[in-house]
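An overview of the molecular structure
The residues making up each chain are set out below.
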Amino acid sequence: MTTEATLASFVETVDTDVDTHPLDDPVRQGLRGHHAQFARWAGRVARYDPTVAPFVGHPPELDAEDWENLLTLVGPGGTVGLRGFDHHPPEGWRVVDQFGSVQMDGSALEVSVDPSVELLGTGNVPEILALIERTKPGPFLPRTVEMGSYYGIRVDGRLVAMAGERLHPPGWTEISAVCTDSDFRGRGLGTTLIRAVAAGIRERGELPFLHAVQSNTNAIRLYESLGFVLRKRSRLTAVQAPA
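As annotated in an unreviewed UniProt entry, the protein carries the name GNAT family N-acetyltransferase and is attributed to Rhodococcus baikonurensis.

Remarks on the overall build of the protein
Looking only at helices and strands, the protein features six helices and 11 strands. By the compact-globule yardstick of 18 Å for 243 residues, the protein fits well, its C-alpha radius of gyration being 18 Å. For the protein, the C-alpha atoms occupy an extent of roughly 55 × 35 × 35 Å along the three principal directions. Burial statistics for the protein: of 243 residues in total, 50% are counted as buried. A total accessible area of about 11,100 Å² is found for the protein, and carbon and sulfur atoms account for 49% of it. On the protein, the mean spot of the 23 positive side-chain charges and the mean spot of the 31 negative ones are 4 Å from each other.

Observations regarding the confidence of the model for the protein
Predicted coordinates in areas of low pLDDT are best not read in detail. Confidence in the prediction for the protein averages 92 pLDDT; 92% of positions are at 70 or higher. The low-confidence segment residues 1–14, where pLDDT is below 50, has 33 contacts with residues more than four positions distant or belonging to other chains.

Thoughts on the sheet that holds strand 6 (residues 117–120)
In space, the eight strands of this open sheet follow the order 4-11-5-10-9-8-7-6, with mixed pairing throughout. Across the chains shown, the open sheet's two edge strands, defined by having one partner strand only, are strand 4 (79–83) and strand 6. Each strand of the sheet is rotated relative to its neighbour by a mean of 30 degrees, with strand direction disregarded. Sheet analysis places strand 5 (residues 94–105) next to strand 11 (residues 229–240), joined by 11 bridges and oriented antiparallel. Bridge pairing in strand 11 places Asp97 opposite Ala238. On the sheet, helix 4 (residues 125–135) packs against strand 6, strand 7 (150–155), strand 8 (158–165) and strand 9 (172–180) and is oriented at approximately 90 degrees with respect to strand 8.

Some thoughts on the sheet that holds strand 1 (residues 39–42)
Spatial strand order, 1-2-3: three strands in an open sheet with antiparallel pairing. Sheet topology places strand 1 and strand 3 (56–57) at the edges, where each strand pairs with a single neighbour. The sheet contact formed by strand 1 and strand 2 (residues 45–48) spans four bridges and is antiparallel. Bridge pairing links Trp41 to Ala46 in strand 2.

Thoughts on the nonpolar core
Within the largest apolar cluster, 25 residues are counted, with the highest numbers of intra-cluster contacts made by Met104, Leu109, Ile175, Leu193, Ile194, Tyr223 and Phe228. Counting only elements with at least two residues in this core, the list comes to strand 5, strand 7, strand 8, helix 5 (189–203), strand 10 (207–213) and helix 6 (217–226). Per element, the largest residue contribution to this core is seven residues, and it comes from helix 5. Aside from chain neighbours lying at most four places away, what touches Leu193 is Val117, Tyr151, Gly152, Ile153, Ala161, Met162 and Ala163. Core analysis: the second largest hydrophobic core is formed by 15 residues, Leu23, Trp41, Ala53 and Phe209 among them.

Focus: helix 5
Over its 15 residues, helix 5 extends 21 Å from the first C-alpha to the last, a length consistent with the 21 Å expected when each residue adds 1.5 Å. Where burial is concerned, most of helix 5 is hidden: 11 out of the 15 residues are buried. Every buried residue belonging to helix 5 is among Leu189, Gly190, Leu193, Ile194, Arg195, Ala196, Val197, Ala198, Ala199, Gly200 and Ile201, and all of these are buried. Looking at the buried positions of helix 5, the neighbouring elements they touch are strand 6, strand 7, strand 8, strand 9, strand 10 and helix 6. Following helix 5 by one or two positions, Gly205 has its phi on the positive side, about 80 degrees.

What about the packing of aromatic side chains?
One pass over the full model with this rule turns up five aromatic pairs. The interplanar angle of 35 degrees and the centroid separation of 6.5 Å between the aromatic rings of Phe38 and Tyr48 together place this pair among those described as tilted. One end of the pair, Phe38, is in the loop between helix 2 (26–32) and strand 1; the other, Tyr48, is in strand 2, with 10 residues separating them in the sequence. Relative to Tyr150, the ring of Phe140 lies with its centre 5.4 Å away and its plane at 85 degrees, an arrangement referred to as edge-to-face. Here Phe140, found in the loop between helix 4 and strand 7, pairs with Tyr150, found in strand 7; they are 10 residues apart in sequence, far enough to count as distant. Judged on exposure class, the residue Phe140 and its partner Tyr150 are both buried.

What counts, and at which threshold
Residues numbered from 1 in each chain as written. Predicted model: local features only at pLDDT ≥ 70, side-chain atom pairs only at ≥ 80, totals over all residues. Heavy atoms only, no water. Helix = DSSP H or I, 4+ residues; strand = E, 2+ residues; numbered from the N terminus. Rg over C-alpha atoms; globule rule 2.2 N^0.38 Å. Buried < 20%, exposed > 50% of the residue type's maximum accessible area, 1.4 Å probe, protein only. Areas by Shrake-Rupley, 256 points an atom, 1.4 Å probe, with all protein chains shown as cover. Lys, Arg positive; Asp, Glu negative; His and termini not counted. Charge placed at Lys NZ, Arg CZ, Asp CG, Glu CD. pLDDT = per-residue confidence, 0-100. Contact = heavy atoms within 4.5 Å. Pairing = 2+ DSSP bridges. Axes fitted to C-alpha atoms, helices over the stretch in contact; angles between N-to-C directions. Core = buried A, V, L, I, M, F, W, Y, C linked by side-chain atoms within 4.5 Å. Expected span 1.5 Å × (residues − 1). Phe/Tyr/Trp six-rings, centres within 6.5 Å; stacked < 30°, edge-to-face > 60°.

What follows is the structure in structure tokens.
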């Protein structure tokens, strides 16, 4: 698994660095609200329960105290991905990977629900994880399914495609884990699932968005063809804490 794929107690904290738009800081915004039950906080830094998701939220610029709090949350030798640019880890921390990412706004996405789409739940985790292992769409842990609604498509009883909801800042929900078994690509299953996930998001009065690795141009072209537009470019820097 690549670094990008590898990339709860709630403590109320005053943070003057919180960005103005929910999508500028979707991890911390979600952990303050809809996903508060999964939150672990140390000062201005937050992370998901590590059995749910590997994501960490942090201020745009980390000061010395933020780095100490990050170490508290991830533990010695832990690896996490930091969003944004120009992070300068202190002594003892190690940069292990960097890659560009894009954030895409799906406000204009047309939604629909095909009868072939099945709602998945905790009872489907073994086959979900098997599909994730075959397709490697990004981070997905045994409890990630608890972050939102996940949908799948079966062929001859076998789960062959999936997509669902992940980060949940106010007014928005991220579409994630879009994947199709290699034997069934080219049939539009991903498009069917994206529209179905977005239909549930719209039904709640929210808007869909998603993230993609900048180098995954095929996926980005697909998302653009469905109505997603580029909102923001960023960089993920994977750093390893001192052992």
